[in-house]
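Coordinate analysis (summary)
Each chain is listed here by its residues.
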Amino acid sequence: MIATRIDGKLLAAKLREEVKVDAEKFEREYGRKIGLAVILAGENPASKIYVRNKIAACEETGVKSMEYYLPDSVTTEELVELVETLNADENVDGLLVQLPLPAGVNEKAVLGAVAPGKDVDGFHAVNAGNLMLGNPCLAACTPSGVMELIKSTGIAIAGKHAVVVGRSNIVGKPVALMLLSENATVTVCHSRTQNLADYTRSADILVVAVGKKEFITGDMIKPGAVVIDVGMNREDKKLYGDVEYASAAEKAAFITPVPGGVGPMTITMLLKNTVKAAYFGKKQ
């Protein structure tokens, strides 16, 4: 059996068309474009590429992109002041602070200053708490993209055993909560988990987000499983996932490639969150 490749680019393109329709509708109704503000502090090359991709995605979907570039020397106080200014700007519907921040900046203080209703990255404690409670919220983008990819296979999530390898606040924990909300039975594994393969081999749905090149191999996967590879590991100018694709594809029923799987979905879900935030702001 060779797994069906889950095409993240194709799904992202479909969802971006929906964003474009919603953005045009908002502009007709309220006389302005939906606005996404991005703060980039420092000279991190990967962050610059990611911000450029966000700008291009905004242009593609009719969302207005506003960029704020700050030097490595920026202080926590200066960043918090800018965040508070953008919080108060009625033309800014979504606000994100690109990570990592320069050395010496208090990341928690800066992210905590973002208004929960504009926190389109879904990192604020209020949004994380509402996700845990099952309340409406702006949920973290990559986990939201993972859920869309799983649902695109057509399998029923309810009743399945889902194993999440990784427990980060950005991916592992939120995706586990999202799977629980869809009535999966969820196991979270991490660096201290003993006999990891015993857990992964029992997974109907396997989500891997550990940041280690080809950490999960085909012999660790249950035949017929859905495998979502969140890993993005650069080596010798090539990109590798956390799953060894060739051997995993021989066991799984569905699998995401790297690149072209989860990656395209993250910015797409950011745009969907921005639309959601824009309409939420009008209801307040």
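As a starting point, this report considers the structure included with it. The structure displayed is predicted, hence computed values, not measured ones.

Because each turn of an α-helix spans 3.6 residues, side chains separated by three or four positions in sequence point in the same direction. Over its 23 residues, helix 1 (residues 8–30) extends 32 Å from the first C-alpha to the last, a length consistent with the 33 Å expected when each residue adds 1.5 Å. Regarding helix 1, the residues found buried are Gly8, Leu11, Ala12, Leu15, Arg16, Val19, Ala23 and Phe26. Sitting at the amino-terminal end of helix 1 is Asp7, which places a side-chain oxygen 3.0 Å from the backbone nitrogen of Lys9. Positioned one or two residues after helix 1, Gly31 has a phi angle of 75°, which is positive.

Under the definition given, this model contains one cavity of 30 Å³ or more. Roughly 60 Å³ of volume is contained in the largest cavity. Every residue along the wall of the largest cavity is listed here: Leu95, Leu96, Val97, Leu111, Val114, Asp119, Asp121, Phe123 and His124. For the lining of the largest cavity, the element with the most residues is strand 4 (residues 94–97), which contributes three residues. Residue composition of the lining of the largest cavity, grouped by class: six nonpolar, one polar and two charged.

What counts, and at which threshold
- Residues numbered from 1 in each chain as written.
- Predicted model: local features only at pLDDT ≥ 70, side-chain atom pairs only at ≥ 80, totals over all residues.
- Heavy atoms only, no water.
- Helix = DSSP H or I, 4+ residues; strand = E, 2+ residues; numbered from the N terminus.
- Expected span 1.5 Å × (residues − 1).
- Buried < 20%, exposed > 50% of the residue type's maximum accessible area, 1.4 Å probe, protein only.
- Polar contact = N/O pair within 3.5 Å; in protein donor to acceptor, adjacent residues only side chain to side chain.
- 1 Å grid on protein atoms, 1.4 Å probe; cavity = no way out; pocket = protein on both sides within 12 Å on 5 of 7 lines; lining within 4 Å.
- Points joined across faces, edges and corners; volume = space filled by probe spheres on them.
- Nonpolar A, V, L, I, M, F, W, Y, C, P; charged D, E, K, R; others polar.

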